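# Topology and contacts: notes
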Amino acid sequence: QQQQQQQQQQYDSEGGAGAGKGVISLLQEFVQCSRQFHAPQHRPILQWSFDNRMADFTTLEFRGTVAFLLDGVPHHVAGAWHPSKKFAQRDTAERALSFF
């Protein structure tokens, strides 16, 4: 529990949650604005999936993966393991943006 609180504080202090516009929204805008090819209708711009594992006997962790088309080329980015799906999703979005 204490480790999760420390990770939350570190994440917030590094500009994760609540730093202006959300990093997930920034990634979606980046992908939408960079498109030279039209995405198929009725499909989300960012497609998310999550893996989970037991870090120990009592701690469940999540890792996010995001898939998207950028200029017609498929991309997949995986994040690190985190104590919640939301942290995992934000971490993955940050990693994806750092590539570009």
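All values reported here derive from a predicted model rather than from experimental measurement.

Moving on, we come to the sheet that holds strand 2 (residues 60-70). Spatially, 3 strands are ordered 1-2-3 in an open sheet, and the strand pairing comes out antiparallel. If you trace the sheet from one side to the other, it starts and ends with strand 1 (47-54) and strand 3 (73-78), each paired once. The sheet shows a mean angle of 20 degrees between the axes of neighbouring strands, direction not considered. As judged from the 6 bridges shared by strand 2 and strand 3, these two strands associate in the antiparallel manner. In the strand pairing of strand 3, Leu70 is matched with Val73. This element, helix 2 (residues 23-34), spans strand 1 and strand 2 of the sheet and lies at about 20 degrees to strand 2. Strands in contact with helix 3 (residues 85-99) are strand 1, strand 2 and strand 3; relative to strand 2, the strand with the most contacts, it is inclined by about 40 degrees.

Thresholds applied
- Per chain, residues are indexed from 1 in the order of the written sequence.
- Per-residue local features are limited, in this predicted model, to residues with pLDDT of at least 70; the limit for side-chain atom pairs, both in listing and counting, is 80 or more; totals at the level of whole chains, interfaces and linings are taken over all residues.
- Note that the side-chain values use all heavy atoms of the structure and ignore hydrogens as well as water.
- Strand pairing requires that DSSP identify at least two bridges connecting the strands.
- Per the convention used, a helix needs a DSSP run of H or I reaching at least four residues, while a strand needs a run of E reaching at least two, with both numbered from the N terminus.
- Angles run from 0 to 180 degrees between N-to-C directions of axes, and those axes are lines fitted to C-alpha atoms, restricted for helices to the stretch in contact.
- Residue contacts follow a heavy-atom distance rule, with two residues in contact if any of their heavy atoms lie within 4.5 Å.

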